[in-house]
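Understanding the architecture of this molecule
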Amino acid sequence: ASAHAQLGYATIRSPISGVITGQFHHKGDFVPAGEKLVSIVGTADLVVKARIPDRAAPLIAVGSEATVTLGSDPTPLSATVRLVDRSVDPGSRTIEVWVGGFAADASLQPGSFAKVEVVTSHASGVVTVPPDAVSFEEPGAEAGTVMVVDDTNTAHEVHVTVGVRGRDALEI
């Protein structure tokens, strides 16, 4: 009976389900009462933390649409902005944004790297072109050129200014 009682004390159960992210003791170690055994991160409601350039801070608000893309899976997950930290890191000139609200995915693990895109504006009734159709003299420039074919099948270079930038299209 004493052995069964001792075995009962050796059974460890977590009050949450999740993923073990840190192990502080190993099998056979003596662990004093109250000492940390493992770190567990709950996976029911994961949040992705991203660093965003400070110039974009005024355009981002809690509830903004976002997508999260994992390096291992190119399919973006729909998400929303949950927190926008308004204090700027002076070294990197970035703010921290927390994005969540997506369904837990087996490929999304605590500590993983992900790409986060936040929707800062919507445009409708505008002319758009694929990003590869615009030639820029410098990456990230606002002005560039596109080739336009007229009614006589002759190509002409047209100077354009880019407005809203999307993943799949640029407003011109």
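Everything here concerns the structure above.
Residues numbered from 1 in each chain as written. Predicted model: local features only at pLDDT ≥ 70, side-chain atom pairs only at ≥ 80, totals over all residues. Heavy atoms only, no water.

1. Some details on the pattern of salt bridges
Per the stated rule, a full pass over the model turns up four salt bridges. A salt bridge links Arg51 to Glu96; the shortest N-O distance between them is 3.6 Å. With a gap of 45 residues between them, Arg51 in strand 3 (residues 47-53) and Glu96 in strand 6 (residues 94-100) connect regions that are remote in the sequence. Note that Glu117 is salt-bridged to Lys115, the shortest N-O span being 3.3 Å. Residue classification places Glu117 among the partly exposed positions, given a relative accessible area of 24%. (Salt bridge = Lys/Arg side-chain N within 4 Å of Asp/Glu carboxyl O. Helix = DSSP H or I, 4+ residues; strand = E, 2+ residues; numbered from the N terminus. Buried < 20%, exposed > 50% of the residue type's maximum accessible area, 1.4 Å probe, protein only.)

2. Overview of the layout of surface pockets
The rolling of a water-molecule-sized probe over the atoms marks out the regions of remaining empty space. If you add up the space inside the largest pocket, you get close to 1,100 Å³. The wall of the largest pocket is formed by 30 residues, among which Val118, Thr120, Val164, Arg165 and Gly166 lie closest to the centre. Counting only elements with at least two residues in the lining of the largest pocket, the list comes to strand 3, strand 7 (114-118) and strand 11 (170-171). Here the lining of the largest pocket takes four residues from strand 7, the largest share from any one element. (1 Å grid on protein atoms, 1.4 Å probe; cavity = no way out; pocket = protein on both sides within 12 Å on 5 of 7 lines; lining within 4 Å. Points joined across faces, edges and corners; volume = space filled by probe spheres on them.)

3. Here's the deal with the pairing of strand 9 (residues 143-149)
Direction of pairing for strand 9 relative to strand 10 (residues 155-161): antiparallel, over a ladder of seven bridges. Among the inter-strand pairings, Val149 is bridged to a residue of strand 10, identified as Ala155. From the end of strand 9 to the start of strand 10, which pair antiparallel, there are five residues, and Asn153 there has a positive phi angle of about 60°. (Pairing = 2+ DSSP bridges.)

Nothing here speaks to function; it is all geometry.
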